[in-house]
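If you want the building blocks of each chain, they are given just below.
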Amino acid sequence: MHQYLKAIGFGNLSTKKDLREILNQVEKKFTHQTVIAYNKSADFCEFQKDFGQGIGIALYGEMDENENFDADYYIPYFNGSGVTTFSEVIIEKRIDREQYVGICEDPKVGISLIFSLKNGIDYQKECQFEESSKLNTSVTFSGLALSGKILLPVQKTRKQIEDVSEASDNRKNLLNAARNGDQSAIETLTLDDIDIYSQVSRRLLYEDVFTIVDTYFMPYGVECDIYSIMGEILDVDELENEISKEKLYKLTLDVNELQFDVCVPKKEVLGEPDVGRRFKGTIWLQGDINF
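Residues numbered from 1 in each chain as written. Predicted model: local features only at pLDDT ≥ 70, side-chain atom pairs only at ≥ 80, totals over all residues. Heavy atoms only, no water.

Trainee: Lay out the sheet that holds strand β1 (residues 32–37) in plain terms, naming residues and giving numbers.
Mentor: If you trace the 4 strands from one edge of the open sheet to the other, you get β1-β2-β3-β4, paired in antiparallel fashion. Both outer strands of the open sheet, β1 and β4 (69–78), are each paired with one neighbouring strand and no more. Averaged over all pairs of adjacent strands, the angle between strand axes in this sheet comes to 20°, irrespective of strand direction. Direction of pairing for strand β3 (residues 55–64) relative to β4: antiparallel, over a ladder of 9 bridges. Across the sheet, isoleucine 57 pairs through a bridge with proline 76, a residue of β4. Packed onto the sheet, helix α1 (residues 16–28) meets β2 (42–52), β3 and β4 and runs at close to 110° relative to β2. (Pairing = 2+ DSSP bridges. Helix = DSSP H or I, 4+ residues; strand = E, 2+ residues; numbered from the N terminus. Axes fitted to C-alpha atoms, helices over the stretch in contact; angles between N-to-C directions. Contact = heavy atoms within 4.5 Å.)

Trainee: Please set out the environment of lysine 267 residue by residue, giving values where relevant.
Mentor: Its place among the elements puts lysine 267 in the loop between β14 (258–265) and β15 (269–270). Sequence separation between lysine 267 and glutamate 246 is 21 residues, and the spatial gap between their C-alpha atoms is 8.8 Å.

Trainee: How would you explain α1 if you had to name every residue and give the values?
Mentor: Spanning 13 residues, α1 covers 18 Å between terminal C-alpha atoms, matching the ideal 18 Å at 1.5 Å per step. If you check which residues of α1 are buried, you get Leu19, Ile22, Leu23 and Val26. Here the buried residues of α1 occupy an arc of 95° about the axis, which is enough to place them on one side. Of the residues in α1, the exposed ones pointing more than 90 degrees away from the buried face are Lys17, Arg20 and Lys28. Here the buried face of α1 lies against β2, β3 and β4. (Expected span 1.5 Å × (residues − 1). Buried < 20%, exposed > 50% of the residue type's maximum accessible area, 1.4 Å probe, protein only. Arc of directions from axis to C-beta.)

Trainee: Can you lay out the pairing of β3 for me, pointing to particular residues and giving the numbers?
Mentor: By the criterion of burial, β3 is predominantly enclosed, with 8 of the 10 residues buried. As defined by bridge partners, β2 adjoins β3 across 10 bridges and the pair is classed as antiparallel. Note on β3: the bridge partner recorded for glutamate 46 is tyrosine 60. The hairpin turn running from β2 into β3, its antiparallel successor, is 2 residues long, and glycine 54 in that turn takes a positive phi close to 80°. The hairpin formed by β3 and β4 contains 4 residues between the paired strands, and glutamate 67 there has a positive phi angle of roughly 65°.

Trainee: I'd like a rundown of unusual backbone geometry, residues and numbers included.
Mentor: The phi torsion at glutamate 67 lies on the positive side, around 65°, for a residue other than glycine. Checked against the element boundaries, glutamate 67 lands in the loop between β3 and β4. Backbone geometry at glutamate 257 places phi at a positive 70°, although glycine is not the residue there. Structurally, glutamate 257 is set in the loop between β13 (247–255) and β14. Using a relative accessible area of 37% as the deciding quantity, one classes glutamate 257 as partly exposed.

So this is what it looks like as C-alpha cells:
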C-alpha cells in the first residue's frame, strides 16, 4: 500500500481489500483517461480519478487489443498551481516500470531537484516527435506530506530583508558563473561557505537553529524524491477527501524562493497554519512539465 495515500486523506485504508475497492473506482469511474501506443499487442493506459480538489489516484497499466486492462502500479497525486521554476529539465525512465523522474537544477536552491513526474504520458507523446531527454520549459512542483509543524516567522527589519535578497542574487550569479567554469567564482563561493559555517557555529552557541535558518530544502532519507523542507506560508486553504471526508490543508509555500503547494492531513499538523508563519515537514516531491 502506497505510504502517501494518507497524505490525500486515505489514512483509514487498512487492508488490501479496501485498497482494491478504491482502485476499482479509479478504473471504472475515472475522471481522466489517456492511452498511448505502447507495443504491437498492447497500449499503455492511465486512469485518473479525483477524490477532491486537486487530489486523486492515478492507475497505470497495459490495455490489450480486446480492451482488457492489466494494472501495473498506482500513485496518489496532488496538482499544484502556478509555475515553480523555468530551469532545464532532464527526464529519466525508471528501470522497474513505465514511470519517469525529472531532474532540474535551480540556482535558487543550489542542488539538483529530483521529482516524480506526474504527466509522464504527456512526455511520452512528446518523445514520439522529439527524442531528446532535455527540455527547456517550466515545471510546476507539488508536495505530499504525511505530517508537519507550524513555526513562527523570524522577525526581520526592512534592511535585513533587502540584504538577504541582495546576497541571494549575488550567490545565484556566482553559481551560474561557477557552472560555466569560472575559477574566481568557485573560489569566492568556497570562501563564502567557510564564512557562513563560521558565523552559524558562533550563533548556535546562544541562538536556536530555526532563528538562523528561516527556510531550507534538503534531501531526506534514501529515496531520491523525498525532501525535508521549511518554508514561509503564502496561502492556506482547506480541502476535503470526498470518500473519507478527511480534512486536508493546501499550503502555498515559499521555500528557498521556490513557490509551490503542499497537501497535508489537517489532523497531522502541529500548530495553526497562517500566512507569514512557517511550515516544516517532509514531502514527496511531484512535478508537472508545462509542455
